[in-house]
Amino acid sequence: MENFLIIFLVLVSYTYMFVEASSSNSSSSGLNKNDSTTICDQYSRVCGPNGNCDEAKTCVCLDGFTPKSPTDYAYYLNFTQGCVRNKPLNCSTDVFVRYSSLKEPSGGYSLSNQQDCMGKCKSNCSCMAYSVILGGCKLWNGDLFDVRLVKQGGQDLYIRMAVSEEQEKSGGRKHGRKEGAVVGIVVGSIIVIFMIIIASWYMLRKKTASK
């Protein structure tokens, strides 16, 4: 009986710490879902490298990327470490995947009087993305920051991907992944359900013993 009581108290403490940590880190990251202004409007680079601030006012990884720190993503809603590629690039065989309705990343540089934007970016192994603009191209080297999915006024962004990654996604794509948040919700729900079962069993045992 005492062992079950100890287990119950440990689970209560763990759940309390889990909720407190999530709440604290969510606040520090600025992810207030009740705020009419999105976190993307308030802070730059809040989603880290290769992260995408979506319409739900939270951070997800671009398709083809995964959280650099899954624990921070899932449990603490801390996205500052951003995302890393699922598959390494190979400059000679890489392809470019189109993402629509995006606010362009921060930084980048423009090239005027250019018609072959893809060829220009592909020839530079450091070039990670490009867009077609009036009179030329805009290119980005290295990690992408401040990418954002927008309802109106967005543009097409072409991001360099490993050819194997593109082949796997050819059946359909999404702009981001929310597995991290889902994992956190599932784990928290399992803990709460298990606590309820233990508490009910303990109360039943106590009631039976008193008769």
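Residues numbered from 1 in each chain as written. Predicted model: local features only at pLDDT ≥ 70, side-chain atom pairs only at ≥ 80, totals over all residues. Heavy atoms only, no water.

## Points about the state of the cysteines
Working step 1: Within this structure, the stated rule accounts for 5 disulfides.
Working step 2: C47 shares a disulfide with C59; S-S distance 2.0 Å. Residues C47 and C59 share a disulfide whose torsion about the S-S bond is about -75°; that sign makes it left-handed. Of this pair, C47 sits in the loop between α2 (39-42) and β1 (51-53) while C59 sits in strand β2 (residues 59-62), and the two are 12 residues apart along the sequence. When sorted by exposure, C47 lands in the same class as C59, which is buried.
Working step 3: Between C91 and C125 runs a disulfide, and the two sulfur atoms are separated by 1.9 Å. The disulfide joining C91 to C125 has a torsion of about -95° about its S-S bond and is therefore left-handed. Of this pair, C91 sits in the loop between β4 (83-85) and β5 (95-103) while C125 sits in the loop between α4 (117-122) and β7 (127-133), and the two are 34 residues apart along the sequence.
Working step 4: On the basis of relative accessibility, which here comes to 23%, the residue C91 falls in the partly exposed class.
Working step 5: Residue C125 is classed as partly exposed on the basis of its relative accessible area of 46%. (Disulfide = S-S within 2.5 Å. Helix = DSSP H or I, 4+ residues; strand = E, 2+ residues; numbered from the N terminus. Buried < 20%, exposed > 50% of the residue type's maximum accessible area, 1.4 Å probe, protein only.)

## Digging into the environment of S100
Working step 1: In this structure, S100 sits in strand β5.
Working step 2: When the C-alpha positions of S100 and L149 are compared, they lie 8.3 Å apart, and in sequence the two are 49 residues distant.
Working step 3: Within polar-contact distance, the side chain of S100 engages the side chain of D156 at 3.1 Å. (Polar contact = N/O pair within 3.5 Å; in protein donor to acceptor, adjacent residues only side chain to side chain.)

## Quick look at the nonpolar core
Working step 1: Membership of the largest hydrophobic core comes to 21 residues, with the highest contact counts inside it found for Y99 and I159.
Working step 2: Residue assignment for this core shows that the elements contributing at least two residues are β2, β5, β9 (147-149) and β10 (155-161).
Working step 3: Of all hydrophobic cores here, the second largest spans 8 residues; its members include F96, C121, C137 and Y158. (Core = buried A, V, L, I, M, F, W, Y, C linked by side-chain atoms within 4.5 Å.)

## Concerning the packing of aromatic side chains
Working step 1: In this structure the tally under the stated criterion is 2 aromatic pairs.
Working step 2: The interplanar angle of 65° and the centroid separation of 5.3 Å between the aromatic rings of F96 and Y130 together place this pair among those described as edge-to-face. Of this pair, F96 sits in strand β5 while Y130 sits in strand β7, placing them 34 residues apart in sequence.
Working step 3: Of the residues examined, F96 reaches a relative accessible area of 13% and is grouped as buried.
Working step 4: A relative accessible area of 6% places Y130 in the buried class.
Working step 5: Each ring, one from Y130 and one from Y158, has its centre 4.8 Å from the other, and the planes form 5°; the classification is stacked. Of the two residues, Y130 is situated in strand β7 and Y158 in strand β10; the sequence distance between them amounts to 28 residues. Judged on exposure class, the residue Y130 and its partner Y158 are both buried. (Phe/Tyr/Trp six-rings, centres within 6.5 Å; stacked < 30°, edge-to-face > 60°.)

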